[in-house]
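# Descriptive structure summary
Spelled out from the first residue to the last, the chains are:
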Amino acid sequence: MLSRVALSISIILTLYLCIVMVVMPVITIGKFIAALAAILIGSLSILCHHERLYTASAATIVAITIIGGFVASLSNGGADGFVAPIMISAPVTAAVFIGARATLISAISVVLAIISLLYLENLGWVTEAPYSPRTLDIAAIVMLSAATGICASGVGYFAHAMQAQIRTLHESQNQLLEASEQLDQSAHHDPLTGLANRQGLQRFLEQVLSSTSDAEQTIFLAHIDLDKFKSINDTHGHPVGDAVLINVAQIMRDEVGEGSIVARIGGDEFVIVTLLSIHAERSEPQRLSDQLVSLLNTPMIANGVYCQVGASIGFVTAPLGACTIDTLMTNADLALYDAKRDGRGTARAFTPALRQALERDRVFRIEIEDALETGRVTCVLQPQINVTTGQVIGMEGLGRIENTSGELLLPALILPILTDMGRLVDFDHQVMRCSLDALVALREAGLEIPYVSINASAQSLRSKDYPARLRQELDARGLCSEDVIVEILESTRIESSDDAAAKCIDALRNQKIKTIMDDFGSGHATISNLLKLDLDGLKIDRSLIAGLQNKKTLKLVQAVHGLAREFDLDVIIEGVETPEQFALLKQIGCEMIQGFGICKPLRSSEFETWMRGYGKPKTDWLQSRLRGLA
């Protein structure tokens, strides 16, 4: 735009000079200077196209206009000359192209120039115009018209440009608003279901908790987890899974009223927030939650596939103004955990007892973590006996954690926590070291212990370095492969020979370390594991031995024992507690047993004392021992 206006100024000055040359043909310095200014301004119009030269070009045009008009006026009658009025266009040019500061400077410069002309005229430095008053009047009119034309064209062009810019800005503003709405939608809503996402839920809760202090209402928040969604997704694929989520979202939308929100905060996790009157029945939150459980358990057709999902719900209610977002979400999570623990498909309300249980669990986790770090992992020992001779043929090292009071924490308490913490492999390793240390110490005390058996969790078996770790621990104590047996939990599910656990068992066998299956018969796919794995033995679970006096159970144990012997597997019976069990097991040909009826798990020093008191092993001693316990 500046280049066009500069060219316009140059053309107007050129036309003006042409008219003046006709009216006043006498050549003067003023005419020469005006012509030079017109040429310079026209040349500068070319430079105005370059962004870096824009401001400099505009400033030069303003300066040439003022200086050229001032110098030319000196030779044409001073302030009354026909050149001075052109300087009026300088502030307009500065205003259009440079800015407020340049406009002020150029306006002040014009005023000073005109005052200077008057002052110089009084000093006699101004050349008298060689023209008649009439001619000067005509020239002044032409000059004023030219100056007015320059100013009008500049202002008009500026106004037109401003209107175009305003239209452009208005369109840009509309586009920005539309883009902002789209960004807000994507930032706070789930693209699949259209529900609010975690950020949208956070914003809604902030608004509800901060914008109202209505003592007549309570907030209801339900955390919903779909029970069978993963199975549906894995079985039928993501298109069906997505259709299920969309259907579930619609069911929840239809169930809640205005002023409520349904949010999807995870793959199959949802949150519903609504406000309830304090005058509503106390059972209303439970009724709403049970209704949701019922609706979500209703079969549906998703992408042409018949599906039944089901849901577990944890919910919390609290007075407005008396809760925070974190508290609401945490309490609902605790209630949801309680619902899942009770078998899923239910709705549970948060109670303070859940919070107390959480705190106990937190303290317990800290204690377990500290025990792992400070070496308070230990083991207790239980002998394994040959039924025929009564000889101690080995012992099992069972992992325990010693609390700060010196009490041993039972596996049922610590194993789920260790698994959840991801520290089960570390625990197994420390129990391994403790059991091997106990074997070395008992042998150094003069006791004959053929081996110690240790338990390996599925996590340990699937860790890459378990065989190497065990070999390292054996070598460090001068022990050989025959000194240890690895017991594999029957719950370790092994799908194929390529399973990491199966490869670990093969690696142990290659080191000539025996492996046996623990807890056989406790309810998992044991037969398939026997076929897949190259094991050395199995241990029949105590749950079968407890009902041994039942003929069917006795026949089952006898059949399992016979099957194992057909596979050339050693069989150990655990959980022997009564003389009747001992007699029946001996009758059906079982050879190795262990259990509380013989000896409960003992610390290493206590186990040494028991071994010395056991004396020369005899089966009648075992019988009397079992009778005494009975």
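Heads up: the structure comes first, above all this text.
Bear in mind the structure is a predicted one, so any value in this text is a computation, not a measurement.

This part takes up the nonpolar core. Ranked by internal contacts, the top residues of the largest apolar core, which has 77 residues, are Leu470 and Leu585. Looking at which element gives the most residues to this core, the answer is helix H14 (residues 424-444), with 10 residues. When near neighbours in sequence (up to four residues on either side) are disregarded, Leu585 contacts Ile545, Leu548, Val557, Ile573, Val576, Cys590 and Ile593. Core analysis: the second largest hydrophobic core is formed by 30 residues, Val262, Leu296, Met300 and Val309 among them.

Of all nine residues in strand S6 (residues 311-319), seven are buried, a share of seventy percent or more. Across nine bridges, strand S1 (residues 217-226) lies against S6 in antiparallel orientation. In the sheet register, His223 faces S6, and the bridge partner there is Gly314. Pairing of S6 with strand S7 (residues 347-349) involves three bridges; the strand directions are parallel. Note that in S7 the partner of Gly314 across the bridge is Arg348. With helix H11 (residues 325-341) bridging S6 and its parallel neighbour S7, the resulting β-α-β unit is left-handed.

Take the packing of helix H8 (residues 229-236) against helix H9 (residues 238-255) next. Contact geometry of H8 with H9 gives a least axis separation of 7 Å together with a crossing angle of 145°. In this structure, H8 uses Phe229, Ile232, Asn233 and His236 to contact H9, whose residues at the interface are His238, Val240, Gly241, Val244 and Leu245. Partitioning the contact of H8 with H9 into residue classes produces five nonpolar, four polar and no charged.

Moving on: the sheet that holds S1. Think of a sheet as strands paired side by side through backbone hydrogen bonds, with each pair either parallel or antiparallel. A sheet is described by the order of its strands in space; here five strands give the open sequence S2-S3-S1-S6-S7, paired in mixed fashion. Edge positions in the sheet fall to strand S2 (261-264) and S7, since each has one partner strand and no second. Direction aside, neighbouring strands of the sheet carry axes that sit 20° apart on average. Strands S1, S2 and strand S3 (269-277) of the sheet are contacted by H9, whose axis makes an angle of about 5° with S3.

This part takes up the side chain of Arg376. Mapping Arg376 onto the fold places it in the loop between helix H12 (352-374) and strand S8 (377-386). A polar contact is formed between the side chain of Arg376 and the backbone oxygen of Glu402, at a distance of 2.4 Å. In contact with Arg376, other than residues within four places in its own chain, are Glu367, Asp370, Ala371, Arg400, Ile401, Glu402, Asn403 and Thr404.

About the thresholds
Residues numbered from 1 in each chain as written. Predicted model: local features only at pLDDT ≥ 70, side-chain atom pairs only at ≥ 80, totals over all residues. Heavy atoms only, no water. Core = buried A, V, L, I, M, F, W, Y, C linked by side-chain atoms within 4.5 Å. Buried < 20%, exposed > 50% of the residue type's maximum accessible area, 1.4 Å probe, protein only. Helix = DSSP H or I, 4+ residues; strand = E, 2+ residues; numbered from the N terminus. Contact = heavy atoms within 4.5 Å. Pairing = 2+ DSSP bridges. Right-handed = clockwise from strand over helix to strand, strands pointing away. Axes fitted to C-alpha atoms, helices over the stretch in contact; angles between N-to-C directions. Nonpolar A, V, L, I, M, F, W, Y, C, P; charged D, E, K, R; others polar. Polar contact = N/O pair within 3.5 Å; in protein donor to acceptor, adjacent residues only side chain to side chain.

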